[in-house]
Protein chains: 2
Amino acid sequence: MLALRVEKKSVSVKEVEKPDRADEALVRVLLSGICNTDLEIARGYAGFKGTIGHEFVGVVEESPNHTLVGRRVVGEINAGCGKCDLCRAGDSRHCASRTVLGIHGRDGAHAEFLQLPTVNLLPVPANVPNEHAVFTEPLAAACGVLERVSISKSDRVAVIGDGKLGLLCAQVLALTGASLLLIGKHSSKLRIAERRGIETATPKQAAKRSKQFDVVVEASGAAAGFALALDLLRPKGRLVLKSTFHGKTEMDTTRVVVDEISIIGSRCGRFTPALELLKKDAVDVDSLISEEYALSKGVHAMRRAGVKGVLKVLLRP
Amino acid sequence: MLALRVEKKSVSVKEVEKPDRADEALVRVLLSGICNTDLEIARGYAGFKGTIGHEFVGVVEESPNHTLVGRRVVGEINAGCGKCDLCRAGDSRHCASRTVLGIHGRDGAHAEFLQLPTVNLLPVPANVPNEHAVFTEPLAAACGVLERVSISKSDRVAVIGDGKLGLLCAQVLALTGASLLLIGKHSSKLRIAERRGIETATPKQAAKRSKQFDVVVEASGAAAGFALALDLLRPKGRLVLKSTFHGKTEMDTTRVVVDEISIIGSRCGRFTPALELLKKDAVDVDSLISEEYALSKGVHAMRRAGVKGVLKVLLRP
């Protein structure tokens, strides 16, 4: 089968063996999405070698759990050991010996087939098209912010970064009823949020609102975004770190201590709330799709996904 | 009256006017304690000029509230505007226009007299000697950790730093019943905690316990302490930042996001819990007193407080 592979910091589409573990489900990929993490991995992040990709929708072809066969599914990307306290409590996201689809120890979704444990798979509601379902994983990551901080209607919330993740976070957090500001540099991207009734600002405009926010979500992945986030927070405010950064980031610890700021890391979210939002069509994901390519054009697609202004690039096997 | 002043990064004992605001209480200082923040201020931190010092016990000589006159008191160091939402809710610690005793906009405690609003003053229980009462402010700061994170008996907690603040934090957190490890480099300081039944380790020994702690309190003020703290935390662990650092500090944001760490700034604590602990003699502060000097020897005392191995230096007007 065809697969988009990263080996020695080089990306290529290759013919590889179809996965064949009998204890996991075999999923035929219908559509996969290129994430910024894929671009980072291609640059060496996480030291991963193999098939990349962790956003997908597919159909189960084989499974130890026969009721899944033929079902259209999405899949949680962390596959736990199943034995540790965390896994037994039903949350493998921090299992110390987990593998992660297309990121750590497990071939990923930019391929004709992938495999995952059956517990990771969730059927997709019939009214959700593939082009929406493929956003389940990043939308779950956006919903994951609400697993890490509680937000009330009276909170003033800012999201920094108008990329895919920032646009999803802004839309999800706007649904809480809190007052929301999306901060970004690209008017075409900000317009996607504006069409949903979300207020937007450039970083320069936002900087005038120092210490006015209860919660700031940093989703730009830039050191400047982190510094702006700290500046926007009121004393005792909460900063949700949603993006890993390029390299290490400087932090003004005096500000964090004196104003008793909380900095809260947030990674993967649960899929169920994301599927609910897609089922209700509560989030605009259509506007986030920039381009679509055949899997065989995966190398070109990766290059396009890294171009400024391009949002989600999809691959169709 | 005599006062220990910082002006143009230089420390000196000077004769100054006695404070005379009629709307605040006038307190005759019995004893004051030199804090690391005093040393930082002398180096230029916070841009403060005036009388330094914020740890004290004294006697009220004059007060708009006559019931306080003649009472032995300690005093919360943040003096709020009294009008904003925070102040009206009874917590001036984050009032945007607050002054802070000996730190920001208000002369401090290393003097014969100081003044504070009457609402800031708390009577000292009769059984608490001056040499203990003078620790109320730093002990309150240690108790303040528990205002920012909840700690249960099943939590594994580490405190990094065997200075005054670390030793107070370790003792306070040990009282929660959680398993506690104090990490420091100085065996004579660690012994103070060991005598209270607290387990101790050097940073090198502690580094072998990577990802094993639920809560880590960083009280060393060193960048290496911050890096160790991140390393010791389990996924979803909580890092309490108790010290400001010298300059800006590098943070491994990837670790914070991937392992969903929370970094929680903590500054001042409420005085009431600290006075309760002193009243019950639940914390050993005697062992933290290294030296005592007359206020007139304040410059020498500041120098001594900065010497490695020296813990609390007290000043007696």
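Scroll up to find the structure this text is about.
Residues numbered from 1 in each chain as written. Chains lettered and ligands numbered in written order. Predicted model: local features only at pLDDT ≥ 70, side-chain atom pairs only at ≥ 80, totals over all residues. Heavy atoms only, no water.

Caption draft 1: Focus on the overall build of chain A. Of the regular secondary structure elements, chain A holds twelve helices and 19 strands. Taking 20 Å as the expected radius of gyration for a compact globule of 317 residues, we find that chain A reaches 19 Å, a close match to that expectation. Its C-alpha atoms give chain A principal-axis dimensions of about 55 × 40 × 40 Å. The 317 residues of chain A split such that 58% are buried. Of all intrachain contacts in chain A linking residues separated by at least 6 positions in sequence, the fraction that spans at least 24 positions is 66%. Accessible area of chain A: about 12900 Å², with a carbon and sulfur share of 50%. Here chain A carries 45 positive and 36 negative side-chain charges, and the mean point of each set is 3 Å from the other. (Helix = DSSP H or I, 4+ residues; strand = E, 2+ residues; numbered from the N terminus. Rg over C-alpha atoms; globule rule 2.2 N^0.38 Å. Buried < 20%, exposed > 50% of the residue type's maximum accessible area, 1.4 Å probe, protein only. Contact = heavy atoms within 4.5 Å. Areas by Shrake-Rupley, 256 points an atom, 1.4 Å probe, with all protein chains shown as cover. Lys, Arg positive; Asp, Glu negative; His and termini not counted. Charge placed at Lys NZ, Arg CZ, Asp CG, Glu CD.)

Caption draft 2: A look at the side chain of Arg 93 of chain A. All names here are of chain A. Checked against the element boundaries, Arg 93 lands in the loop between helix H2 (85-88) and strand E8 (99-100). A polar contact of 3.0 Å, which involves the side chain of Arg 93, links it to the backbone oxygen of Cys 268. Each residue touching Arg 93, except ones within four places of it in the same chain, is listed here: Asn 78, Arg 98, Glu 147, Arg 267, Cys 268, Gly 269 and Arg 270. (Polar contact = N/O pair within 3.5 Å; in protein donor to acceptor, adjacent residues only side chain to side chain.)

Caption draft 3: Region of the structure containing the relation of the copies chain B and chain A. The two copies are related by a screw operation: chain B maps onto chain A through 180° of rotation and 0.0 Å of translation along the axis, at an RMSD of 0.0 Å. Seen this way, the second copy is the image of the first under a two-fold rotation axis. Of the interface residues in chain B, 100% have counterparts in chain A that sit at the interface too, so the contact is made through matching surfaces. (Least-squares fit on C-alpha atoms with pLDDT ≥ 70 in both.)

Caption draft 4: Local environment of the environment of Asp 286 of chain B. All names here are of chain B. Along the chain, the position of Asp 286 falls in the loop between helix H11 (271-279) and strand E18 (289-294). Relative accessible area serves as the criterion here: at 45%, Asp 286 is assigned to the partly exposed category. Taking C-alpha positions, Asp 286 is 9.6 Å from Lys 312, a pair spaced 26 residues apart along the chain.

Caption draft 5: The arrangement of unusual backbone geometry in detail. Residue Lys 8 of chain A is not a glycine yet carries a positive backbone phi of 50°. Overall, the relative accessible area of 77% leaves Lys 8 of chain A in the exposed class. Unusually for a residue other than glycine, Ala 46 of chain B sits at a positive phi of about 70°. The topology assignment puts Ala 46 of chain B in the loop between helix H1 (36-42) and strand E4 (50-51).

Caption draft 6: The arrangement of the sheet that holds strand E12 (residues 179-183) of chain A in detail. With respect to topology, twelve strands assemble into an open sheet ordered E13(A)-E12(A)-E11(A)-E14(A)-E15(A)-E17(A)-E17(B)-E15(B)-E14(B)-E11(B)-E12(B)-E13(B), the strand pairing being mixed. Every interior strand has two partners, whereas the edge strands, strand E13 (199-201) of chain A together with strand E13 (199-201) of chain B, have only one. Averaged over all neighbouring strand pairs, the angle between strand axes comes to 20°, with direction disregarded. The pairing of E12 of chain A with E13 of chain A spans three bridges and is classified as parallel. For Leu 182 of chain A, the partnering residue across the bridge sits in E13 of chain A and is Thr 200 of chain A. Of the strands in this sheet, E12 and E13 of chain A touch helix H7 (residues 187-194) of chain A, which is tilted by about 160° from E13 of chain A. Docked against the sheet, helix H9 (residues 223-232) of chain B engages strand E11 (156-160), strand E12 (179-183), strand E14 (213-218), strand E15 (233-241) and strand E17 (262-265) of chain B, running at close to 150° with respect to E15 of chain B. (Pairing = 2+ DSSP bridges. Axes fitted to C-alpha atoms, helices over the stretch in contact; angles between N-to-C directions.)

Caption draft 7: Fine view of the side chain of Asp 284 of chain B. All names here are of chain B. Of note, Asp 284 is situated in the loop between H11 and E18. Of the side chains bearing the opposite charge, Arg 195 lies closest to the buried Asp 284, which forms no salt bridge; the N-O distance is 4.3 Å. Among the polar contacts made by the side chain of Asp 284, one reaches the side chain of Ser 287 at a distance of 2.5 Å. Apart from residues lying up to four places away in sequence, Asp 284 is in contact with Gln 171, Ile 192, Arg 195 and Arg 196. (Salt bridge = Lys/Arg side-chain N within 4 Å of Asp/Glu carboxyl O.)

Caption draft 8: Examining the packing of aromatic side chains more closely. For the structure on display, the rule yields zero aromatic pairs over all chains. Positioned above the aromatic ring of Phe 113 of chain A is the side chain of Lys 18 of chain A, whose terminal nitrogen or guanidinium carbon lies 4.4 Å from the ring centre. (Phe/Tyr/Trp six-rings, centres within 6.5 Å; stacked < 30°, edge-to-face > 60°. Lys NZ or Arg CZ within 6 Å of the ring centre and 35° of its normal.)

Caption draft 9: View of the interface of chain B and chain A. In this assembly, 34 residues from chain B lie in contact with 34 residues from chain A. Roughly 3000 Å² of surface becomes buried between chain B and chain A when both sides are summed, with 56% attributable to carbon and sulfur atoms. Considering only the side of chain B, the residues that lose the most area to chain A are His 94, Val 257 and Glu 260 of chain B, jointly responsible for 20% of the buried surface there. For the interface between chain B and chain A, the tally reads zero salt bridges. At the level of secondary structure, the elements contributing two or more residues to the side of chain B that touches chain A comprise E15, strand E16 (249-251), helix H10 (253-258) and E17 of chain B. Counting residues per element, the side of chain B that touches chain A draws most heavily on H10 of chain B, at five residues. (Buried area = accessible area lost by both parts, 1.4 Å probe.)

Caption draft 10: Quick peek at the pattern of salt bridges. Within this structure, the stated rule accounts for 44 salt bridges over all chains. A salt bridge links Glu 7 of chain A to Lys 14 of chain A, with the nearest nitrogen and oxygen atoms 2.8 Å apart. Between Arg 209 of chain B and Glu 199 of chain B there is a salt bridge whose closest N-O contact spans 3.2 Å. Here the residue Arg 209 of chain B occupies a position in the loop between helix H8 (203-206) and E14, and Glu 199 of chain B occupies one in strand E13, the gap between them amounting to ten residues. Within this structure, Arg 5, Glu 7, Lys 14 and Asp 107 of chain A form a network of salt bridges that share partners.

Caption draft 11: The sheet that holds strand E1 (residues 2-7) of chain B, seen in detail. Residue and element names in this part refer to chain B. In spatial order, the strands read E2-E1-E4; together these three strands make up an open sheet with antiparallel pairing. The sheet is open, and its two edges are formed by strand E2 (10-15) and E4, each paired on a single side. The pairing of E1 with E2 spans six bridges and is classified as antiparallel. Bridging across to E2, Leu 4 finds its partner in Val 13. On the sheet, helix H12 (residues 298-305) packs against E1 and E2 and is oriented at approximately 150° with respect to E2.

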